[in-house]
Amino acid sequence: MIVAIDGPSGAGKSTVAKAVAKKLGFSCLDTGAMYRAVAWRAVQDGVPLDDAEACGRIAREKEIAFRHEAGDPVPRRVFIDGDEVTDAIRTAEIDRAVSPVSALPSVREALLGQQRRIGAAGDFVVEGRDIGTVVFPDAAVKVFLTASDEERAHRRVRQNVDRGFGSIDYEEVLADIRRRDAYDSGRKTAPLKPADDAVHIDSTGHYIEEVIEAICELARQSQHRAAL
């Protein structure tokens, strides 16, 4: 079974996906980390972020791997071509770089097949921006998770404070979220949008545990229908 969770930057998709995977006993595939790893490599190599050929080559040739801790379905470490980038891909610089890189058809095509192969191997919770529309259009459960711009900016600032890097200037973070929303929604390739059959969940003002349980219940209902 695939549980697809799409939504804009800062909606809490990664946190929710990991928690849902743990509760359901599924594995978690963080496709966003894959695009971030490609963006990080491009930045490190001085590759222009609009260079489709060079960025596509990174996505094709640089192996992206996730490492798990024993008994944990959620990957805790991210590597590209042997370099650990777990923390490096979560900086403000990569926040800005990942949108143009992930919009490149050459990059998306290079990573799409790998994502589908991973997903076909078992039960996964997968989060991103085009999971239910492009990557797994036949997913058993599709969720479009969002929150208000202001709520997402506050969450991102708190996250950056907790992890010790990234901007903690609320206005700067809010502007970056709105910029990224506009970019992701307006791109020609796999734009950010809900699948027609996605369940919309607005987490503004809700405890994260409520959101997690709502998605888990959708998965349980789907499993029950499949068993009939």
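The rules behind these values
- Residues numbered from 1 in each chain as written.
- Predicted model: local features only at pLDDT ≥ 70, side-chain atom pairs only at ≥ 80, totals over all residues.
- Heavy atoms only, no water.
- UniProt positions renumbered as here; feature names shortened; annotations may be inferred.
- Helix = DSSP H or I, 4+ residues; strand = E, 2+ residues; numbered from the N terminus.
- Rg over C-alpha atoms; globule rule 2.2 N^0.38 Å.
- Buried < 20%, exposed > 50% of the residue type's maximum accessible area, 1.4 Å probe, protein only.
- Contact = heavy atoms within 4.5 Å.
- Areas by Shrake-Rupley, 256 points an atom, 1.4 Å probe, with all protein chains shown as cover.
- Lys, Arg positive; Asp, Glu negative; His and termini not counted.
- Charge placed at Lys NZ, Arg CZ, Asp CG, Glu CD.
- Pairing = 2+ DSSP bridges.
- Axes fitted to C-alpha atoms, helices over the stretch in contact; angles between N-to-C directions.
- Parallel < 35°, antiparallel > 145°, perpendicular 65-115°, else oblique.
- Left-handed = near helix turned anticlockwise from the far one by under 90°.
- Nonpolar A, V, L, I, M, F, W, Y, C, P; charged D, E, K, R; others polar.
- Phe/Tyr/Trp six-rings, centres within 6.5 Å; stacked < 30°, edge-to-face > 60°.
- Lys NZ or Arg CZ within 6 Å of the ring centre and 35° of its normal.
- Core = buried A, V, L, I, M, F, W, Y, C linked by side-chain atoms within 4.5 Å.

The name an unreviewed UniProt entry gives the protein chain is Cytidylate kinase, with Candidatus Aveggerthella stercoripullorum as the organism. Here the protein chain is described in UniProt, under the heading Sequence similarities (unreviewed entry), as follows: "Belongs to the cytidylate kinase family. Type 1 subfamily." Looking at the protein chain in UniProt, the text filed under Subcellular location (unreviewed entry) is "Cytoplasm".

On to the overall build of the protein chain. If you tally the helices and strands in the protein chain, you get 9 helices and 8 strands. Since a compact globule built from 228 residues should have a radius of gyration of about 17 Å, the 17 Å found for the protein chain is in line with a globular shape. Oriented by its inertia axes, the alpha-carbon framework of the protein chain measures out at about 55 × 40 × 35 Å. Each of the 228 residues in the protein chain was classed as buried or not, and the buried ones make up 47%. Considering only contacts in the protein chain between residues 6 or more positions apart, those separated by 24 or more positions represent 74%. Of the roughly 10,700 Å² that the protein chain leaves accessible, carbon and sulfur atoms contribute 49%. Treating the 32 positive side-chain charges of the protein chain as one cloud and the 38 negative ones as another, the clouds have centres 2 Å apart.

Ordered by their spatial adjacency, 5 strands build an open sheet running β2-β6-β1-β7-β8, and the pairing between neighbours is parallel. Every interior strand has two partners, whereas the edge strands, β2 (27–30) and β8 (199–202), have only one. This sheet shows a mean twist of 20° between the axes of neighbouring strands, independent of strand direction. Summarising the sheet, strand β7 (residues 141–146) and β8 pair through 4 bridges and their orientation is parallel. Paired with L145 across the bridge in β8 is I201. Helix α2 (residues 31–44) rests against β2 and β6 (124–128) of the sheet, and its axis sits at about 35° to β2.

Turning our attention to the packing of helix α7 (residues 149–163) against helix α8 (residues 170–186). The interhelical angle for the contact between α7 and α8, taken along N-to-C directions, is 120°, at an axis separation of 9 Å. Here α8 runs oblique to α7, going by the angle between their axes. As for how α7 packs across α8, the hand of that crossing is right-handed. Residues D149, E150, R152, A153, H154, R156 and V157 of α7 lie in contact with α8, whose contacting residues are Y170, V173, L174, I177, R178 and D181. Its residues assigned to classes, the contact of α7 with α8 shows 6 nonpolar, 1 polar and 6 charged.

Feature annotation in UniProt places "domain: Cytidylate kinase" (unreviewed entry) on residues 3–220, given in this structure's numbering. Counting secondary structure, residues 3–220 comes out at 51% helix and 15% strand; the distance between its end C-alpha atoms is 11 Å.

Next up on the list: the sheet that holds strand β5 (residues 83–84). One open sheet holds the 3 strands; their spatial order is β3-β4-β5, and the pairing between them is antiparallel. Two strands in the sheet have a free side with no partner beyond their single neighbour: β3 (64–67) and β5. Looking at chain direction, β3 and strand β4 (residues 77–80) are connected through 4 bridges and run antiparallel. When the sheet's bridge partners are listed, R67 is paired in β4 with R77.

With that settled, the discussion passes to the packing of aromatic side chains. Tallying each qualifying case throughout the model produces 0 aromatic pairs. R67 extends its terminal NZ or CZ atom over the ring of F79, reaching a point 4.2 Å from the ring centre.

Bringing the nonpolar core into the picture now. Core analysis: the biggest nonpolar cluster contains 34 residues, and V38, V107 and L111 have the highest contact counts within it. Secondary structure elements with two or more residues in this core: β1 (2–6), α2, α3 (52–61), β4, α4 (92–102), α5 (105–119), β6 and α6 (131–135). At 8 residues, α2 tops the list of elements feeding residues into this core. In terms of nonpolar packing, the next biggest core, distinct from the first, is built from 22 residues, C28, I201, V211 and I215 among them.

Turning our eyes to something else, we now look at the packing of helix α1 (residues 13–24) against helix α9 (residues 208–227). Where α1 meets α9, the closest approach of the two axes is 9 Å, and the angle between their N-to-C directions is 50°. By the angle class used here, α1 and α9 are oblique. Like other packed secondary-structure pairs, α1 and α9 cross with a definite hand, here right-handed. Each of T15, V16, A19, V20, K23 and L24 in α1 lies in contact with α9, whose residues at this interface are I208, V211, I212, E213, I215, C216 and A219. Here the residues of the contact of α1 with α9 sort into 10 nonpolar, 1 polar and 2 charged.

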